[in-house]
Amino acid sequence: MKSKFKIGIDYGGTKIEGILLDHDGKQLERKRYSYERNYLSGIETVKKLVDEFDKISEEVCSVGIGIPGFSSRQTGIITNANSLWLNDKPFKKDLELALNREVRLMNDANCFTLSEAVDGAGKDYKSIFGIIIGTGFGGGLSYDKSIIEGSNQIAGDWGHQPLPYPTKDEQEIKISCPSNNCGRPLCAEQFMSGIGFKDRFNEKYDTNFTSEEIAKLDLENDQRANLELGLYEDRMARLMAVMIGIFDPDAIILGGGMSNIDRFYKNIPSLIPKYTFSNKVETKVLKNLHGDSSGVRGAAWLWNNE
């Protein structure tokens, strides 16, 4: 599809957001709508956004959509979606019928990574590993401003891999990932996601803080928060060292709520060499540029080469 304008859609669990970009990536319009948590309402809300953006641009725009799951290249069926009503549905096919055009779908972590690779914090680098640290713990790989999905479409999706080089204390923490598709002990998401981090903290200290409150406590020189964030940084360095050993990216870019903790960008890079089988580590650890807009912008950039 040849179009001067690109529409990106971020399909969330309670809200669906859309953005209209021109060919150079300038935002022309951005809207967000709540919808009923069911399959048909989601399709109708996407169509409403696309129709409004088509009208603004006065043309039939390209449409890319980021989803909290995966759309099989072979069958078009959605799997592993947090928005459960998407699972086992031919979402791409049904959207294309509703919108009367080709649609590109990709996992939301990949959309974040693509956004930051094209014109975000990673725009000056060739190989990017993007990480979303929020409710979950996802990742994606980009090379030369294109997403690497892999043969199973899960390249870079490291959230449910085991925490490497576990300490004795970590091995003794009796938790298993509650995901129906995981259930493994030492699952990285249970330590590294915002929810996992605050749960481990609250279990240890018998408190009831959010991850944001723990980060604030650290700024107030709370020794517990300082200790636990230090442990978190060491765990992240271990995980990043494994990815560097496999993909060796130019830059690793953090997104999601936990990415707003400024100390990470000083402390984690200094810890990575401890776990990396190399005499040097030049990989940059960077904060995202586009913030909450990154996912929806990345969805629009699924048509980057058109």
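Everything below is about the structure shown above.
Residues numbered from 1 in each chain as written. Predicted model: local features only at pLDDT ≥ 70, side-chain atom pairs only at ≥ 80, totals over all residues. Heavy atoms only, no water.

Check the secondary structure of the protein and you find ten helices and twelve strands. Here the protein has a C-alpha radius of gyration of 20 Å; the compact-globule value for 306 residues is 19 Å, and the two agree. By principal-axis analysis of the C-alpha atoms, the protein measures approximately 60 × 40 × 40 Å. Per-residue burial for the protein yields a buried fraction of 52% across its 306 residues. In the protein, of all internal contacts separated by at least 6 residues, the share reaching a separation of at least 24 is 64%. Of the roughly 14,800 Å² of accessible surface on the protein, 48% is carried by carbon and sulfur atoms. Side-chain charges in the protein split into 38 positive and 44 negative, and the spacing between the mean points of these groups amounts to 1 Å. (Helix = DSSP H or I, 4+ residues; strand = E, 2+ residues; numbered from the N terminus. Rg over C-alpha atoms; globule rule 2.2 N^0.38 Å. Buried < 20%, exposed > 50% of the residue type's maximum accessible area, 1.4 Å probe, protein only. Contact = heavy atoms within 4.5 Å. Areas by Shrake-Rupley, 256 points an atom, 1.4 Å probe, with all protein chains shown as cover. Lys, Arg positive; Asp, Glu negative; His and termini not counted. Charge placed at Lys NZ, Arg CZ, Asp CG, Glu CD.)

As a further point, take the environment of F277. Within the secondary structure, F277 is located in the loop between α9 (264–271) and β12 (284–287). Along the chain, F277 and G18 lie 259 residues apart, while their C-alpha atoms are 43 Å from each other.

With that settled, the discussion passes to helix α1 (residues 39–57). Since one α-helical turn is 3.6 residues long, residues separated by three or four positions face the same way. Taking 1.5 Å of rise per residue, the 19 residues of α1 would be expected to cover 27 Å, and the 27 Å separating its terminal C-alpha atoms lies within 8% of that figure. Three or more residues of α1 are buried, namely Y39, S41, G42, I43, T45, V46, L49, V50, F53, D54 and S57. On its buried face, α1 sits against β1 (5–11), β2 (15–22), β3 (27–34), β4 (62–67) and α2 (91–99). Among the residues of α1, the N-terminal cap falls to N38, whose side-chain oxygen and the backbone nitrogen of L40 are separated by 3.3 Å. (Expected span 1.5 Å × (residues − 1). Polar contact = N/O pair within 3.5 Å; in protein donor to acceptor, adjacent residues only side chain to side chain.)

Together, Y165, V242 and I246 make up an exposed nonpolar region whose accessible area comes to about 330 Å². The topology assignment puts Y165 in the loop between β10 (146–148) and α4 (168–172). (Patch = residues over 30% accessible without salt bridge, like charges linked within 9 Å, V, L, I, M, F, W, Y side chains within 5 Å. Salt bridge = Lys/Arg side-chain N within 4 Å of Asp/Glu carboxyl O.)

Another aspect to go through is the pattern of salt bridges. This model, assessed by the stated rule, comprises 21 salt bridges. Of the charged contacts, one joins R73 and E149 as a salt bridge, the two residues approaching to 3.3 Å between their closest N and O atoms. Remark: E149 occurs in the loop between β10 and α4 and R73 occurs in the loop between β5 (70–71) and β6 (78–79); sequence separation between them is 76 residues. On the accessibility criterion, E149 (18% relative accessible area) is buried. In this structure, D218 and R263 form a salt bridge, with 3.1 Å as the shortest nitrogen-oxygen distance.

Moving on, we get to the side chain of E17. Along the chain, E17 falls in strand β2. Looking at E17, its side chain comes within polar contact range of the side chain of R30, at 2.2 Å. Not counting residues up to four positions away in its chain, the partners in contact with E17 are G8, I9, D10, R30, K31, R32, L49 and V296.

On to the packing of α1 against α2, then. One can describe the packing of α1 onto α2 by two numbers: an axis separation of 10 Å at closest approach and a directional angle of 45°. Relative to α2, the element α1 lies oblique. Judged by the twist between their axes, the crossing of α1 over α2 is right-handed. Along its contact with α1, which presents Y39, I43, V46, K47 and V50, the element α2 presents F91, D94, L95, A98 and L99. For the contact of α1 with α2, the per-class residue count stands at eight nonpolar, no polar and two charged. (Axes fitted to C-alpha atoms, helices over the stretch in contact; angles between N-to-C directions. Parallel < 35°, antiparallel > 145°, perpendicular 65-115°, else oblique. Left-handed = near helix turned anticlockwise from the far one by under 90°. Nonpolar A, V, L, I, M, F, W, Y, C, P; charged D, E, K, R; others polar.)

On to the pairing of β1. With six of its seven residues buried, β1 lies for the most part within the structure. Here β1 runs beside β2; their pairing, made up of seven bridges, is antiparallel. Opposite D10, over in β2, you have E17 as the bridge partner. Remark: three residues form the turn of the hairpin made by β1 and β2, two consecutive strands paired antiparallel. Sheet topology places β1 next to β4; five bridges connect them, and they run parallel. Each residue of the ladder has a partner; that of D10, found in β4, is G66. (Pairing = 2+ DSSP bridges.)

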